[in-house]
Amino acid sequence: MIDLSKVKWTLSNEELYAVEWFEKNGFSGSLDRQYISKSKFTVTKNGVTDKFELQLGVTYDVASYMEQYRSIAGFAETYPHFCSEENDYALYYNQPDFNWGATIYTMCTESVHITSTKKIMMSYNSGFTELGEMWLVPKSNQEMSAADTARYIYESVQNNNAVFLPFNWMDSVGIYATVLHDCTNVPAGDYYLAWKSVTDNTHPMIRSVKVLEAGT
């Protein structure tokens, strides 16, 4: 059941649909706060609690939007160690979830602005020293859903329509290594960030990825 005790005004059709969808699909939780542009929920299912924002004030397919959330929630249930509380929600490309040798592409669907003075900082641990692969994909001019954006990023990487940033996973079992990736030769612009991880001896665990101005 979704607790609606904090509701300030009449629920919109989108909010009503989201509440019904959560309850129909076995979620409990609450509608925490209403804004003109969005509503914020806290939802729980199978012991996993998540924060959810529902976009308001624009025309979109709310049913498709909620189905995308089902995909994310289902991923967390299917791969319980990938982004879990036990690892402080680091991204863990582990063998119990994915088996040995699986290649996993991670795509950031929110763009970042890159200039020659920016650096990409990654904090991770790895079980082995190995070559890594990272890309900056030019932002699309089209309005796309998160799922379509991820597909665009993946296809751009596969078709070599991206800036390749080579790096090394460093053997850092038990500690987090923090490395800076240089963007000196990257043309200024807006990009999506993507990288490849393999569940082999490296099986990396990524704690954070940030874009920094050089010298900060």
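Everything below is about the structure shown above.
Residues numbered from 1 in each chain as written. Predicted model: local features only at pLDDT ≥ 70, side-chain atom pairs only at ≥ 80, totals over all residues. Heavy atoms only, no water.

> Any details on the sheet that holds strand 1 (residues 2–3)? Residues and values, ideally.
Judged by pairing direction, the sheet is mixed, and its four strands sit side by side in the order 1-2-3-4 without closing on themselves. Looking at the sheet topology across the chains shown, the edges are occupied by strand 1 and strand 4 (48–55). Summarising the sheet, strand 2 (residues 28–34) and strand 3 (residues 38–45) pair through six bridges and their orientation is antiparallel. Within the sheet, the bridge partner assigned to Leu31 lies in strand 3 and is Phe41. (Pairing = 2+ DSSP bridges. Helix = DSSP H or I, 4+ residues; strand = E, 2+ residues; numbered from the N terminus.)

> How would you explain the sheet that holds strand 13 (residues 205–213) if you had to name every residue and give the values?
Sheets are built from strands that pair by backbone hydrogen bonding, the pairs being arranged parallel or antiparallel. An order of 5-13-8-11 is seen for the four strands of this open sheet, with the pairing classed as antiparallel. Two strands bound the open sheet, and with one partner strand each, they are strand 5 (91–92) and strand 11 (177–182).

> Go over the pattern of salt bridges, please, and point to the residues and values.
Scanning the entire structure with this criterion turns up four salt bridges. The partner of Lys119 in a salt bridge is Asp182, with the nearest N and O atoms 2.7 Å apart. With a gap of 63 residues between them, Lys119 in strand 8 (residues 118–125) and Asp182 in strand 11 connect regions that are remote in the sequence. Of the residues examined, Lys119 reaches a relative accessible area of 23% and is grouped as partly exposed. The exposure class of Asp182 is partly exposed, given its relative accessible area of 39%. Glu133 serves as the salt-bridge partner of Lys196, at 2.5 Å between the closest nitrogen and oxygen. (Salt bridge = Lys/Arg side-chain N within 4 Å of Asp/Glu carboxyl O. Buried < 20%, exposed > 50% of the residue type's maximum accessible area, 1.4 Å probe, protein only.)

> Tell me what's going on with the nonpolar core, and back it up with residues and numbers.
Counting residues in hydrophobic clusters, the biggest one holds 21 residues, and the most contacted among them are Met122, Met134 and Leu136. In this view, Met122 contacts Met134, Trp169, Ala177, Thr178, Val179, His181, Trp195, Ile206, Ser208 and Val209; residues no more than four positions away in its chain are not counted. Of all hydrophobic cores here, the second largest spans 16 residues; its members include Ile2, Phe22, Phe41 and Val43. (Core = buried A, V, L, I, M, F, W, Y, C linked by side-chain atoms within 4.5 Å. Contact = heavy atoms within 4.5 Å.)

> Tell me what's going on with the environment of Gly189, and back it up with residues and numbers.
In this structure, Gly189 sits in strand 12 (residues 189–198). Among the residues examined, Gly189 registers a relative accessible area of 17% and is labelled buried. On a C-alpha basis, the gap between Gly189 and Pro138 in space is 7.4 Å, while along the polypeptide they are 51 residues apart. Ignoring any residue separated from it by four or fewer positions in sequence, one finds Gly189 in contact with Val112, His113 and Ile114.

> So what about the packing of aromatic side chains? Which residues, and what values?
Applying the stated criterion across every chain, the model contains 15 aromatic pairs. A centroid spacing of 6.1 Å and a plane angle of 80 degrees characterise the contact between Tyr152 and Tyr192, whose relative ring orientation is edge-to-face. Here Tyr192 lies in strand 12 and Tyr152 lies in helix 4 (residues 146–158), a separation of 40 residues in the sequence. Using a relative accessible area of 5% as the deciding quantity, one classes Tyr192 as buried. Looking at Lys38, its charged tip hangs above the ring of Tyr35, at a distance of 5.9 Å from the centre. It is Arg207 that lies over the ring of Tyr176; its NZ or CZ is 4.0 Å from the centre. (Phe/Tyr/Trp six-rings, centres within 6.5 Å; stacked < 30°, edge-to-face > 60°. Lys NZ or Arg CZ within 6 Å of the ring centre and 35° of its normal.)

> Hey, could you go over unusual backbone geometry for me, with residue numbers and the actual values?
For Asp88, which is not glycine, the phi dihedral falls at a positive 55 degrees. The exposure class of Asp88 is exposed, given its relative accessible area of 70%. Positive phi is not limited to glycine here, since Tyr89 has a value of about 65 degrees. Note on placement: Tyr89 falls in the loop between helix 2 (62–78) and strand 5. Accessibility expressed as a relative area gives 48% for Tyr89, which makes it partly exposed.

> An account of the environment of Ala214 is requested, with residue identities and associated values reported.
For Ala214, the location among the structural elements is in the segment after strand 13. Along the primary structure Ala214 and Ile120 are separated by 94 residues, whereas in three dimensions their C-alpha atoms are 9.5 Å apart. Leave out the neighbours within four places in its chain, and Ala214 touches Thr117, Lys118 and Lys119.

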